[in-house]
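Structural characterization, general
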Amino acid sequence: MNSRELLKKKQRIVIKLGSSTITHEKTGALNLGKLEKLIRILTDLTNQGKELVLVSSGAIAVGRKALGLKTKPTEKSLKQACAAVGQAKLMMVYQKLFSEYNQTLAQVLITKYTMLNDISRENAQNTFRELLQMHIIPIVNENDTVSTDEIEFGDNDTLSALVAALIHADLLILLSDIDGLYTDDPTKNPEASFISIVGKIDETICNMGKESATSLGTGGMTTKISAARIATDSGADMVIVNGKDIHILEDVLAGKNVGTLFKAHKNHGFELMDYIKTKQYS
Ligand code: GLU
């Protein structure tokens with residue numbers, strides 16, 4: 001069975017949604033049509049017996065829209081106020097949409113401190129275990145309202161990879177506004193070619209991760225490659241796909257050749273704590 005075919009068998013899956021994937025590009029408002037499709041797909045995957053964790057960005061983007069801010073907030077306190085308003089709104093929409101299918105969900109907000117503190121980390125791990133056993137879908141975000149510069153993850157690419165490592169997921173899917181990994185920035189270099197599978201993340205691969213931050217989210221290709229290192233070292237495959245068409249999620253899990261697949265190569269020396277303390281992968 002090839003690496004793509006193996007994706008059909010994945011059982012414990014973390015799916016990360018970028019802000020640009022769940023909002024309309026033109027207005028910044030939530031793309032409800034797309035979210036409805038997404039929720040149907042996710043519920044059906046849990047119906048098939050798969051365990052899912054959704055890492056959803058969008059708190060700041062949704063809050064910004066609700067507060068009528070024309071530009072992306074830069075001041076910390078304003079960003080945190082946006083997140084406080086937006087996270088509640090985001091969960092309200094998820095609750096409404098998932099309730100159509102009777103699918104229970106949960107909210108898990110994490111800070112770096114949650115991961116650094118042994119007791120908090122263990123508690124988070126136990127909570128995930130309980131929720132997954134009950135077929136509940138945890139929706140995770142960074143607790144942006146209380147994070148400070150010193151203790152923030154800052155981007156949900158890293159956060160989703162750490163969650164995948166924490167719960168021993170076997171697959172992480174990053175839904176983004178880029179198709180996957182290219183040998184160079186395709187918007188600047190027409191010669192850039194697409195990479196479908198990465199077996200090992202070496203220096204050449206890391207150098208391909210040029211910054212391509214989106215207007216709404218915070219992660220670029222560099223943070224995605226860094227996430228891939230955490231996920232693959234901890235034993236999970238990782239796929240980056242363009243979430244423009246949400247049905248691509250079904251394509252990934254059907255083993256189709258979409259996006260870039262980073263193959264797991266469990267590194268027994270990988271310690272989640274070491275990573276968080278030293279940020280050696282960034
Ligand atoms: N936690 C941020 C939010 O929900 C998003 C971070 C990111 O874009 O990666 O707005």
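Refer to the structure above for everything that follows.
The following refers to the structure shown. (Residues numbered from 1 in each chain as written. Predicted model: local features only at pLDDT ≥ 70, side-chain atom pairs only at ≥ 80, totals over all residues. Heavy atoms only, no water.)

So, the site of the ligand
Inclusion rule: In these notes, residues near a molecule or strand are those with any non-hydrogen atom within 4 Å of it. Polar contact is defined as a pair of N or O atoms within 3.5 Å, subject to the rule that within protein one atom must be able to donate a hydrogen and the other to accept it, and that residues adjacent in sequence are counted only when both atoms are side-chain atoms. Computed with a 1.4 Å probe, the accessible areas rest on the Shrake-Rupley method; for each residue, only the protein chains presented here act as cover.
Residues in close proximity to the ligand total ten residues, the closest being Ala59, Ile60, Asn141, Asp144 and Asn156. Note that an oxygen atom of the ligand is positioned 3.0 Å from one of the backbone N or O atoms of Ala59. Asn156 has a polar backbone atom sitting 2.7 Å from an oxygen atom of the ligand. For the ligand, whose free accessible area comes to 300 Å², the fraction covered by protein is 94%.

Things to note about the pattern of salt bridges
We count it as follows: A side-chain nitrogen of Lys or Arg and a carboxyl oxygen of Asp or Glu constitute a salt bridge if their distance falls within 4 Å. Labels follow the DSSP assignment, with helices taken as runs of H or I lasting at least four residues and strands as runs of E lasting at least two, numbered in each case from the N terminus.
Going through the model one piece at a time under the given rule, you end up with eight salt bridges. A salt bridge links Asp237 to Lys10; its shortest N-O distance comes to 3.1 Å. You can see Asp237 sitting in strand S9 (residues 237-242) and its partner Lys10 sitting in the loop between helix H1 (3-6) and strand S1 (12-17), a full 227 residues away along the chain. Connected via shared salt-bridge partners are Lys16, Asp157 and Lys224.

Description of the pairing of S9
Looking along a regular strand, one sees side chains alternate from face to face of the sheet. The criterion, for reference: Any residue under 20% of the maximum accessible area for its type is buried, any over 50% is exposed, and the rest in between are partly exposed; the area is computed with a 1.4 Å probe on protein chains only. If DSSP finds at least two bridges between two strands, the strands pair.
Burial runs high along S9: six of the six residues are buried. Burial along S9 is two-sided: the face carrying Asp237, Val239 and Val241 and the face carrying Met238, Ile240 and Asn242 are both buried. Here strand S5 (residues 171-176) runs beside S9; their pairing, made up of six bridges, is parallel. Looking across to S9, one finds that Ser176 is bridged to Asn242. Looking at chain direction, S9 and strand S10 (residues 260-262) are connected through three bridges and run antiparallel.

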